[in-house]
Amino acid sequence: MSVSIQKLRTEYKSLCRELGTEGVLNTVPQAFGAPQVEIIGDNYHYVVCERGSEYERKTTTDKQELLYWLISDVVSEMAGDFELKHRIKGCVFAGRCLHATELCRQVAPALESKAPGHLAACHYAPKGAVAA
Ligand code: SF4
C-alpha cells in the first residue's frame with residue numbers, strides 16, 4: 001500500500017536534510033526536466049517531462065526504491081556542483097598522478113603525438129616512449 005504524497009514529501013525532505021541540502025518533491029511536470037512523482041493506486045511513478053513531452057517513467061510499488069531514485073538525483077546534482085567548484089585548471093589527472101607538478105595543476109597539457117600512432121596529453125611523457 002502506498003503512502004500519501006505528503007508523507008513521502010516529509011520523508012524525502014528529511015533525507016535531503018541529512019545530506020545537507022534542500023529537497024523539493026515535485027508532483028507536477030517541470031519545464032526544465034526535473035523529475036516529478038505520481039502515486040497511482042499502489043504504484044509510485046518517477047516521471048521526467050520536459051517541454052510537454054514525457055522522457056522517462058519508472059514505476060515501483062516499493063517506496064524505498066522510489067526514494068533511492070530521487071536521492072540519486074540529489075547526490076548526482078551535489079557531485080556536479082562539487083566538481084564545478086573544485087574543477088582543476090590543469091591536467092585532469094593532476095589530483096592523483098604521482099608525477100604531478102605545479103605546471104600540471106595550472107596548465108592543461110595539449111594532446112600531441114609522442115610516437116607513431118601514440119597520442120598523449122602529458123607535460124612529461126617523453127617523445128618516442130610507447131607503452132607495451
Ligand atoms: S601532465 Fe602528466 S605528469 Fe602532469 S599530472 Fe598530467 S599525467 Fe601527470
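Residues numbered from 1 in each chain as written. Predicted model: local features only at pLDDT ≥ 70, side-chain atom pairs only at ≥ 80, totals over all residues.

## A few points about the domain arrangement of the chain
Thinking step 1. For the chain, the domain assignment lists domain 1 (5-85) and domain 2 (88-132).
Thinking step 2. For domain 1 and domain 2, the distance between their C-alpha centroids amounts to 40 Å. (Domains from an automatic or database assignment.)

## Let's talk about the site of the ligand
Thinking step 1. Taken together, Cys91, Phe93, Ala94, Cys97, His99, Ala100, Cys104, Pro109, Cys122, His123 and Tyr124 make up the full set of residues near the ligand.
Thinking step 2. Looking at the shell around the ligand residue by residue, the classes come out as nine nonpolar, two polar and no charged. (Near = placed C-beta within 6 Å. Nonpolar A, V, L, I, M, F, W, Y, C, P; charged D, E, K, R; others polar.)

## Quick look at unusual backbone geometry
Thinking step 1. For Arg51, which is not a glycine, the phi torsion comes out positive at approximately 45°.
Thinking step 2. Within the secondary structure, Arg51 is located in the loop between strand S2 (43-50) and strand S3 (53-60). (Helix = DSSP H or I, 4+ residues; strand = E, 2+ residues; numbered from the N terminus.)

## Considerations on the packing of helix H1 (residues 5-18) against helix H2 (residues 63-85)
Two quantities define a packed helix pair, namely the angle between the axes and the distance from one axis to the other.
Thinking step 1. As a packed pair, H1 and H2 sit with axes 11 Å apart at the nearest point and diverge in direction by 45°. It follows that H1 is oblique to H2 by the angle criterion. Handedness of the H1/H2 crossing: right-handed. Along its contact with H1, which presents Leu8, Glu11, Tyr12, Leu15 and Cys16, the element H2 presents Lys63, Leu67, Leu70, Ile71 and Val74.
Thinking step 2. A per-class count over the contact of H1 with H2 returns eight nonpolar, no polar and two charged. (Axes fitted to C-alpha atoms, helices over the stretch in contact; angles between N-to-C directions. Parallel < 35°, antiparallel > 145°, perpendicular 65-115°, else oblique. Left-handed = near helix turned anticlockwise from the far one by under 90°. Contact = placed C-beta atoms within 7 Å.)

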